[in-house]
Amino acid sequence: MKIIVLDKKNKLAILLILLLGSLVVIFTSPFAGSKLISLNNIFSLEPGSSDFKIFWVIRIPRVLLAYMVGAILALSGMVFQAVFRNPLVCPFTLGVSSGASFGAAIYIALGFSFTLLGISGISFFSFLGAVFAIAIVWYLSRMKQGSSVAKMLLAGIAVSFFFLSIIMFIQFISGVIQSLRISRWLMGGIYAFGYDTLIQASIIAFLGLFIIWYFSHDLNLFTTGEELAISRGVDVKLTVTILFFLISIMIGGIVAICGPIGFVGIIAPHICRLWIGPDHRYLTPATFLFGGLFLALCDTLARSLLPPTEIPVGVITAILGGPFFLWLLHAKFSDSSISL
Amino acid sequence: MMKKIVGILLCLILFGFGNLPAIAQQSSVVPFPKYQRIISLAPSGTEILFALGLGDQVVGVTRYCRFPPEAQQKTIIGTFLDTNFELVYRLNPDLVVLLNTEMGPKLKLEQMGFNVLMLETNKVSDVIEAITRIGSYCDRKAQATEITDRIKERIQDIQSKTKSSSRPRVLVTFARTLGEGNINNVYVAGTKSFFHDIITIAGGQNAYNGLEAIASPVVSAEGVLQMNPDVIIEVLSDLKETNLNPAEVIKDWDTLPELKAYQNKQIYIFTDDYLGISGPRITQTLDRIARSIHPEIKWDP
């Protein structure tokens, strides 16, 4: 199969398309939902009416939140895949999501209910769970000398399974309603009421984008091999540790807000890599834009397809993204375009 | 070769899978006058058995069977999800009562050679039917008629009182994000649920009218605002298991003052056990819901 090598101009054009696509999704999505709200109406809505609240307080922050969450998930997947040189790694491979879910399950099962400094109790607990999991993985992979990268990956997978079994046990012993709430939480979902969570997520997203962009040259070296990276003067252990911690904590924050949303983190970077190539200077902004656009679109479908109920967004991401990715893989696959 | 495979598949479909629904519909009980060792795998079944005066014959119940209080003195065999079959076997029941949603235990119990009586309790009429059935199987026909007459009487009374009233749109919820100052992940009564029937009999209409295929619909604040119900009834039987009380939980609705139910001050939070159980205490449920939907009607105290 022929590999098309894109020049700089083409890559910038792709970024421009993604940016325009993002703007279209962000500006049109708030009109869709359980009921269409027309453009003529939004400025004549009365502040006390349901439509006013739905449009300004629920839908707009929700669309933006979905965009931010998708962007972060995709970016983290991209970084982890590069650092571990493994196409199957996603933001959740290292146990962050199972740790967060463990925290949430404990919160629900023990029947707690509180808010702390504007952060809901369940978010607080799941963030603690995520940090706990990160600490365990990091500690395990450092205990003895050796290749920290492979060890970290294995430790992460083991920690994931461990937490998931505990969650199953918690579900097993809790009542029907609690059990239902835990499984619902595990499906993930975007929800906004007002702009507080959006602000939290945006801070995380832009901070993440900045940090990852800063490391994009190192990431390029990583993908060609650990030895080469070392020979070019990259402190592999330090870089891996910094990226692992920062990104895990970012993901912990995101999972705490909206539960584990699958698929975006593993597939979005691959789609972008197939499209724009493996150079992280272009891949990073492309992944950010595509991840955000994709999740915002999926969430809009999730809340519009079966009104007044909402389909868990994770269902839509995989149903929509799966076939698209397979098509792309079939049409454009070559070893050099998929390898990291 | 291909023909053989197709043939085998056809046989499987015709005899194997084809049989499953047929098994599901039949109950394997042969009418037999007196059962002496009964196990109930559902709270509603337990309540019916005790109401029919068969309490002494009950030997095993589930962890959720909390009414009447005597029921918890019986051997507890787990729940329908984690039934301790060894314990069931040792109790050696001559009748096991369970709901028709509990297919897993049913097949196992039949393999063990026990008599199984399946009850359907999705509607009020199913509950009446279930009481009648247990009554006739267990030689308690007179008691069964007495109870079902009382239920029918109550239904007639409510229907005649609400006949000339309007039919408010009622949203019944079972679980949601609690005490965090927002409304999200709201599990509402679907169009095929027990409460759909209760609302209709009590003189209201279900505010949720989405797809029938979704057994337990979940909506967010947007969905609730969209439905904009006249009355909201929250059946939160598990609230006691949290450190919250109804007064705190009802405050979550302050975030949606646009709702008609909020403006009408018709948001109710009920935590009583009987509301979720489709047994003889269904009269209390009907009464409670009807009074909440129609506060304007003069009800007997």
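Keep in mind it's a predicted model, so treat the numbers as computed, not measured.

Novice: Even after reading the chapter, I still don't get unusual backbone geometry, so can you show me in this structure?
Specialist: Among all residues except glycine, the phi angle is most often negative; among peptide bonds, the trans geometry is most common. The omega angle of the peptide bond from Pro307 of chain A to Pro308 of chain A is 0°, so this bond is cis rather than trans. Looking at where Pro308 of chain A falls in the secondary structure, it is placed in the loop between α12 (280-304) and α13 (313-332). Of note, the amide linkage connecting Phe67 of chain B to Pro68 of chain B takes the cis form, showing an omega dihedral of -10°. By the element assignment, Pro68 of chain B lies in the loop between β2 (58-61) and β3 (75-76). Although it is not a glycine, Phe263 of chain A sits at a positive phi angle of roughly 80°. Note that Phe263 of chain A resides in the loop between α10 (236-258) and α11 (264-276).

Novice: It is not clear to me how the side chain of Ser22 of chain A should be interpreted in this structure. Could you clarify?
Specialist: All names here are of chain A. Along the chain, the position of Ser22 falls in helix α1 (residues 8-28). Overall, the relative accessible area of 2% leaves Ser22 in the buried class. At 2.7 Å, the side chain of Ser22 forms a polar contact with the side chain of Tyr67. Discounting chain neighbours no more than four positions away, the residues touching Ser22 are Tyr67, Leu289 and Leu293.

Novice: Would you mind showing me how to read the side chain of Ser160 of chain A here?
Specialist: Residue and element names in this part refer to chain A. Looking at the element boundaries, Ser160 is found in helix α5 (residues 148-173). A polar contact is formed between the side chain of Ser160 and the side chain of Ser98, at a distance of 3.4 Å. Ignoring any residue separated from it by four or fewer positions in sequence, one finds Ser160 in contact with Phe92, Thr93, Gly95 and Ser98.

Novice: I'm lost on the domain arrangement of chain B in this one. Help?
Specialist: How big an interface is tends to be reported as the loss of accessible area on association of its parts. Residue and element names in this part refer to chain B. What the domain assignment lists for chain B is domain 1 (31-151) and domain 2 (165-293). Each of domain 1 and domain 2 has a C-alpha centre, and these two points are 29 Å apart. Listed as interface residues are 16 residues of domain 1 and, on the opposing side, 12 residues of domain 2. Taken together, the two surfaces of domain 1 and domain 2 that pack against each other cover about 1200 Å², and 65% of this comes from carbon and sulfur. Taken as a group, Glu47, Val124 and Ile151 account for 37% of the area that domain 1 buries against domain 2, more than any other trio of residues on that side. At the junction of domain 1 and domain 2, the tally comes to one salt bridge. In this structure, Glu47 engages Arg281 in a salt bridge whose closest nitrogen and oxygen atoms are separated by 2.6 Å. If you look at where domain 1 meets domain 2, you find three residue pairs in polar contact (both at pLDDT 80 or more). Contributions of two or more residues to the side of domain 1 that touches domain 2 are made by α3 (43-51), α6 (124-137) and α7 (141-162). Among the elements that take part in the side of domain 1 that touches domain 2, α3 stands out by supplying five residues, more than any other.

How each quantity is defined
Residues numbered from 1 in each chain as written. Chains lettered and ligands numbered in written order. Predicted model: local features only at pLDDT ≥ 70, side-chain atom pairs only at ≥ 80, totals over all residues. Heavy atoms only, no water. Helix = DSSP H or I, 4+ residues; strand = E, 2+ residues; numbered from the N terminus. Buried < 20%, exposed > 50% of the residue type's maximum accessible area, 1.4 Å probe, protein only. Polar contact = N/O pair within 3.5 Å; in protein donor to acceptor, adjacent residues only side chain to side chain. Contact = heavy atoms within 4.5 Å. Domains from an automatic or database assignment. Buried area = accessible area lost by both parts, 1.4 Å probe. Salt bridge = Lys/Arg side-chain N within 4 Å of Asp/Glu carboxyl O.

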